[in-house]
Amino acid sequence: MEEEHITFVTAEQWGTAVISIPEGSHIETDLRFESVLEGVLVTGTANSVAHGECVRCLDAVEIDQMVDITALFAYPERAVAAAEAGADEDDETFLVEHDRIDLEPVIRDSVVTALPFQPLCQADCPGLCSECGIHLADDPDHQHESIDPRWAALQDAISDADASDDMKES
Ligand SMILES: [Zn+2]
Ligand SMILES: [Zn+2]
């Protein structure tokens, strides 16, 4: 058994249109390699930073994500035996080829699968005002008056009256 810290540098962008790991990003992994009967079992974690846009307010978001890695790299002769037995047909099988294993597809699968479908800058992002487009997070009480300006003076008079009532009571 062996443990290793490996840094992968992405040769291209990984992800979707809304969120992705940019080309040239560093994926930091801590992996444990175990020799098992069928081949080599790889387990560990991968840490990456995804960049995207909040789906509600369109602000840039940066998501630091840690994912678990688990993959079995089978020796080719074992993989054939397993396939013939009809076992684990749904599982993607990775192979040990010429005594080497290619970790990149495994890391990529795990990292990309963990990306959120709808990234948010914060869980309760209120989004943008549907009328003027400002960030509601900056101004939570923001609203548009739909009152006719001619009535505004009357409204002020009413609230003044309310205020003086309060003063009498206290
Ligand atoms: Zn947002
Ligand atoms: Zn507005």
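Relevant structure appears above.
Here the structure is a predicted model, which is why all the values come from computation and not from measurement.

Rules used in this analysis
- Residues numbered from 1 in each chain as written.
- Chains lettered and ligands numbered in written order.
- Predicted model: local features only at pLDDT ≥ 70, side-chain atom pairs only at ≥ 80, totals over all residues.
- Heavy atoms only, no water.
- 1 Å grid on protein atoms, 1.4 Å probe; cavity = no way out; pocket = protein on both sides within 12 Å on 5 of 7 lines; lining within 4 Å.
- Points joined across faces, edges and corners; volume = space filled by probe spheres on them.
- Helix = DSSP H or I, 4+ residues; strand = E, 2+ residues; numbered from the N terminus.
- Nonpolar A, V, L, I, M, F, W, Y, C, P; charged D, E, K, R; others polar.
- Donors = N, O, S within 2.8 Å, 3.2 Å for Na, K, Ca; no water.
- Tetrahedral: all angles 85-135°; square planar, octahedral: opposite > 155°, others 65-115°.
- Phe/Tyr/Trp six-rings, centres within 6.5 Å; stacked < 30°, edge-to-face > 60°.
- Buried < 20%, exposed > 50% of the residue type's maximum accessible area, 1.4 Å probe, protein only.
- Salt bridge = Lys/Arg side-chain N within 4 Å of Asp/Glu carboxyl O.

**Q** Looking at this structure, how should I read the layout of surface pockets?
**A** Over the atoms, a rolled probe matching the size of one water molecule traces out where space is still vacant. Within this model, the second largest pocket holds a volume of roughly 260 Å³. Along the walls of the second largest pocket sit Met 1, Glu 2, Phe 33, Glu 34, Ser 35, Val 40, Tyr 75, Val 96, Asp 99, Arg 100, Ile 101 and Leu 103, which together make up its complete lining. Take the lining of the second largest pocket: its biggest share by element is three residues, from strand S4 (residues 26-35). Each residue belonging to the lining of the second largest pocket can be placed in one class, and the counts come to seven nonpolar, one polar and four charged.

**Q** Whenever I open this one, the coordination of the zinc ion (ligand 2) confuses me. Can you help?
**A** Geometry reference: four tetrahedral donors at a metal, ideal angle 109.5 degrees. Six octahedral donors, ideal angles 90 or 180 degrees. Protein-derived ligands of the zinc ion (ligand 2) are Cys 129 (SG), Cys 132 (SG), His 142 (NE2) and His 144 (NE2), with the metal-ligand distances lying across 2.0 to 2.3 Å. Every donor counted, the four donor atoms about the zinc ion (ligand 2) form angles of 104 to 116 degrees at the centre, which fits tetrahedral coordination. When the donor residues of the zinc ion (ligand 2) are listed from N- to C-terminus, their spacing reads C-x2-C-x9-H-x1-H. Highlighted residues: Cys 132 in the loop between helix H2 (104-113) and helix H3 (149-169) and His 142 in the loop between H2 and H3, separated in sequence by 10 residues.

**Q** Explain the packing of aromatic side chains here, please?
**A** What describes a pair of aromatic rings is the distance from one ring centre to the other and the angle between the planes of the rings. Under the defined criterion, the tally for this structure stands at one aromatic pair. Considering the side-chain rings of Phe 73 and Phe 94, the 5.4 Å spacing of their centres and the 40 degrees angle between planes classify their relative orientation as tilted. Of the two residues, Phe 73 sits in strand S6 (residues 60-74) while Phe 94 sits in strand S7 (residues 94-95), which places them 21 residues apart along the sequence. For Phe 73, a relative accessible area of 1% translates into the label buried.

**Q** Sorry if this is basic, but what is going on with the coordination of the zinc ion (ligand 1) here?
**A** For the zinc ion (ligand 1), the full set of protein donor atoms is Cys 54 (SG), Cys 57 (SG), Cys 121 (SG) and Cys 125 (SG), and the range of their distances to it is 2.3 Å. Taken together, the four donor atoms coordinating the zinc ion (ligand 1) and their angles of 105 to 114 degrees define a geometry best described as tetrahedral. When the donors of the zinc ion (ligand 1) are listed by position in the chain, the intervening gaps give C-x2-C-x63-C-x3-C. Highlighted residues: Cys 57 in the loop between strand S5 (39-53) and S6 and Cys 125 in the loop between H2 and H3, separated in sequence by 68 residues. Summarising the burial analysis for this pair, Cys 57 and Cys 125 share the class buried.

**Q** Hey, could you run me through the pattern of salt bridges in this one?
**A** Here the idea is simple: oppositely charged side chains can pair when their charged atoms come close. Enumeration over the complete set of coordinates arrives at two salt bridges. Linking Arg 32 and Glu 3 is a salt bridge whose minimum nitrogen-to-oxygen distance equals 3.4 Å. Here Arg 32 is found in strand S4, whereas its partner Glu 3 is found in strand S1 (residues 2-9), with 29 residues between them in sequence. Look at Arg 32 and you get partly exposed, because its relative accessible area is 32%. According to the relative accessible area criterion, Glu 3 is exposed, its value standing at 55%. Glu 12 is paired through a salt bridge with Arg 108; the nearest N and O atoms lie 2.7 Å apart. Here the residue Glu 12 occupies a position in the loop between S1 and strand S2 (14-15), and Arg 108 occupies one in helix H2, the gap between them amounting to 96 residues. Taking relative accessible area as the criterion, Arg 108 reaches 26% and is therefore assigned partly exposed.

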